[in-house]
Amino acid sequence: MDAYVALEGGHVVEARGRVPGSTPGELVFTTAYTGYEESLTDPSYEEQVLTFSYPLIGNYGVREERFESDRVHPNAVVARELTDEIVEWLDEEGVPAVDHLDTRDLVTDIREEGAMKCGIAVGEGVTEQDALDELDACKGMSEHTDIGAQVSVDEPAFSEGAADGVDADVTLIDCGAKGSIVDSLNARGADVQILPYDATIEDVAETEPDVLFISNGPGDPANFEQTVELVDHYAGELPLAGICLGQQIVARALGGSTAKMDFGHRGVNQPVMDVRTNRVVMTTQNHGYTVADPGENLEVTQFNVNDDTPEGLDNEELEIITRQYHPEANPGPNDSLDFFDDVLAMADPTADPVIADD
Ligand SMILES: NC(=O)CC[C@H](N)C(=O)O
């Protein structure tokens with residue numbers, strides 16, 4: 001099968017086609033060497049084309065229990081070598097895939113030029129021009145203004161916590177949540193009420209949560225205005241937590257700002273320093289935006305050792321804690337799972353119910 005990948009700037013790379021189809025997308029890479037099922041089902045990869053820098057992907061099969069959501073989210077998949085088993089899965093999912101290209105070159109390009117627009121065309125008889133046409137149609141990530149609707153639940157959902165553990169009710173705003181976030185809360189005993197990304201202040205009040213949790217998710221945090229308003233309303237009234245996009249939304253709501261990074265952090269060995277303990281933990285990451293300025297209301301408690309970007313924010317008085325990385329791992333190291341204990345420690349089940357119009 002013929003296959004072409006057209007990069008922003010017009011350079012076209014030839015590849016071997018594994019799953020037919022054509023698509024635009026933002027070209028990014030992950031250095032994770034395991035966890036391809038988790039990465040491919042992570043909703044934060046929506047509208048992106050995911051390149052694996054690790055050369056062999058699919059070598060331990062495909063198992064549903066490792067999925068983070070109910071579908072593959074990247075628009076297309078690029079690797080040096082894809083096994084037949086993973087190709088079969090991507091084919092069922094209708095996600096174009098290519099291999100047998102020099103992914104070292106591709107990753108070097110992304111490191112030098114930044115995450116970029118691309119176009120992919122795969123199938124019998126496709127041409128370079130087909131890939132260039134897809135590239136032409138590619139939107140910048142910030143132009144996906146309604147990306148929350150593509151990944152969020154349509155209706156509220158409920159996930160019950162384990163019988164033993166913390167007696168807490170968490171309301172999770174689903175901006176494209178990974179299943180492991182819900183699982184990590186449930187495993188500690190918390191019941192999780194999942195609400196759509198555009199839930200209103202009243203919707204949240206009705207769930208009477210002990211903690212309001214903002215999930216990870218795809219795209220530019222600037223396009224999650226409703227969620228920012230929600231956080232703005234509930235800051236100080238409810239304990240707040242956030243992961244990845246959740247941290248970015250909390251920062252924007254509390255007077256901070258976010259910015260696009262050059263090529264982002266995607267992998268499972270990102271070193272993060274905690275300024276209070278002076279300890280470094282290895283973390284899983286997948287983000288292309290960062291908190292540029294946390295504002296006056298949030299303290300940076302953790303930072304990335306490679307580039308100093310904020311990895312943890314805190315306001316003790318308002319009871320807010322957030323992480324830029326993924327404490328729930330999946331894939332990746334479990335070193336920071338205790339974040340969920342810290343979040344649930346903020347829950348006080350005996351507190352008065354919240355009032356929507358306060
Ligand atoms: N994993 C995430 O939540 C990613 C957040 C945001 N979409 C970013 O790329 O920075």
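In the annotation of an unreviewed UniProt entry, the entry for the chain reads Carbamoyl phosphate synthase small chain, and the organism field reads Natranaeroarchaeum sulfidigenes. For the chain, the Subunit (unreviewed entry) comment in UniProt is given as "Composed of two chains; the small (or glutamine) chain promotes the hydrolysis of glutamine to ammonia, which is used by the large (or ammonia) chain to synthesize carbamoyl phosphate. Tetramer of heterodimers (alpha,beta)4."

Student: Describe in detail the site of the ligand, supporting the description with residues and values.
Tutor: In the vicinity of the ligand lie 13 residues, with G217, G219, N286, G288 and Y289 positioned nearest. Contact between the ligand and G217: a nitrogen atom at 2.8 Å from a main-chain N or O atom of the residue. Between the ligand and G219, the relevant distance is 2.7 Å, taken from a nitrogen atom to a main-chain nitrogen or oxygen of the residue. A total of 300 Å² of accessible area belongs to the ligand in isolation, and the protein chains cover 97% of it. In a pocket analysis with a 2 Å cut-off to the grid points, the ligand is assigned to the largest cavity. Among the elements of the structure, α9 (245-253) and β16 (279-293) are those that each provide at least two residues to the shell around the ligand. Here the shell around the ligand gets four residues from one element, more than from any other, and that element is β16. Split by residue class, the shell around the ligand holds four nonpolar, nine polar and no charged.

Student: Before we move on, can you summarise empty space enclosed by the protein with the specific residues and values?
Tutor: With the rule as written, the count across this model stands at two cavities of 30 Å³ or more. Taken as a whole, the largest cavity holds about 130 Å³ of empty space. In this structure, the largest cavity is lined by 16 residues; those nearest its centre are G217, G219, H287, G288 and Y289. Within the residue set of the lining of the largest cavity, elements represented by two or more residues are α9, β15 (257-274) and β16. No other element matches the four residues that β16 contributes to the lining of the largest cavity. Residue assignment places the lining of the largest cavity across two domains, with domain 1 (2-139) and domain 2 (147-345) each supplying three or more. Approximately 80 Å³ is the volume found for the second largest cavity.

Student: Please provide a residue-by-residue account of a negative patch on the surface, values included.
Tutor: On the surface, a cluster of negative charge is made up of D70, E85, E88, D91, E92 and E93. With respect to the helices and strands, E93 occurs in helix α2 (residues 84-93).

Student: I'd like a description of the pattern of salt bridges, backed by residues and values.
Tutor: Evaluation of the coordinates by the stated rule reveals 13 salt bridges. Here R16 and E81 are joined by a salt bridge, their closest N and O atoms 3.4 Å apart. Here R16 is found in strand β2 (residues 12-19), whereas its partner E81 is found in strand β7 (residues 81-82), with 65 residues between them in sequence.

Student: Explain the pairing of strand β4 (residues 48-52) to me, and be specific about the residues and the numbers.
Tutor: With five of five residues buried, β4 is to be regarded as a mostly interior element. Side chains Q48, L50 and F52 of β4 all project onto a buried face; the interleaved residues V49 and T51 project onto the opposite face, where all are buried too. As paired strands, strand β3 (residues 21-30) and β4 are joined by five bridges and run parallel to one another. Across the sheet, L27 pairs through a bridge with V49, a residue of β4. By the bridge criterion, three bridges tie β4 to strand β6 (residues 76-78) in an arrangement that is parallel. From the neighbouring strand, L50 faces β6, where its bridge partner is V77.

Student: Explain the side chain of S159 residue by residue, including any values.
Tutor: Relative to the elements of secondary structure, S159 occurs in strand β10 (residues 157-159). The class of S159 is buried, set by a relative accessible area of 18%. Looking at S159, its side chain comes within polar contact range of the side chain of N186, at 2.5 Å. If sequence neighbours within four positions are ignored, S159 has contacts with V182, N186, A190, D191 and V192.

Student: How would you explain the layout of surface pockets if you had to name every residue and give the values?
Tutor: Approximately 420 Å³ is the volume found for the largest pocket. Along the walls of the largest pocket sit 20 residues, with D274, R276, Q302, R323 and D342 positioned nearest its centre. Those elements giving two or more residues to the lining of the largest pocket turn out to be β16, β18 (310-315), β19 (320-323) and α10 (338-345). For the lining of the largest pocket, the residue count by class is six nonpolar, four polar and ten charged. The wall of the second largest pocket is formed by 21 residues, among which E68, S69, V153, D174 and A177 lie closest to the centre. The biggest single contributor to the lining of the second largest pocket is helix α6 (residues 179-187), with four residues.

Student: Give me the lowdown on the UniProt feature "active site" (unreviewed entry) in the chain, citing residues and values where you can.
Tutor: Under the local residue numbering, the UniProt record ascribes the feature "active site" (unreviewed entry) to C244, H326 and E328. Spatial clustering of the annotated residues is evident: they stretch over 85 residues in sequence, but the largest pairwise C-alpha distance comes to 11.2 Å. Lining the largest cavity, from this annotated set, are C244. Within the secondary structure layout, C244 lies in the loop between β14 (240-243) and α9. With relative accessibility at 3%, the residue C244 sits in the buried group. In contact with C244, other than residues within four places in its own chain, are N216, N286, H287, R323, Q324, Y325 and H326.

The rules we used
Residues numbered from 1 in each chain as written. Predicted model: local features only at pLDDT ≥ 70, side-chain atom pairs only at ≥ 80, totals over all residues. Heavy atoms only, no water. UniProt positions renumbered as here; feature names shortened; annotations may be inferred. Near = heavy atom within 4 Å. Polar contact = N/O pair within 3.5 Å; in protein donor to acceptor, adjacent residues only side chain to side chain. Areas by Shrake-Rupley, 256 points an atom, 1.4 Å probe, with all protein chains shown as cover. 1 Å grid on protein atoms, 1.4 Å probe; cavity = no way out; pocket = protein on both sides within 12 Å on 5 of 7 lines; lining within 4 Å. Sits in = over half its atoms within 2 Å of the grid points. Helix = DSSP H or I, 4+ residues; strand = E, 2+ residues; numbered from the N terminus. Nonpolar A, V, L, I, M, F, W, Y, C, P; charged D, E, K, R; others polar. Points joined across faces, edges and corners; volume = space filled by probe spheres on them. Domains from an automatic or database assignment. Patch = residues over 30% accessible without salt bridge, like charges linked within 9 Å, V, L, I, M, F, W, Y side chains within 5 Å. Salt bridge = Lys/Arg side-chain N within 4 Å of Asp/Glu carboxyl O. Lys, Arg positive; Asp, Glu negative; His and termini not counted. Charge placed at Lys NZ, Arg CZ, Asp CG, Glu CD. Buried < 20%, exposed > 50% of the residue type's maximum accessible area, 1.4 Å probe, protein only. Pairing = 2+ DSSP bridges. Contact = heavy atoms within 4.5 Å.

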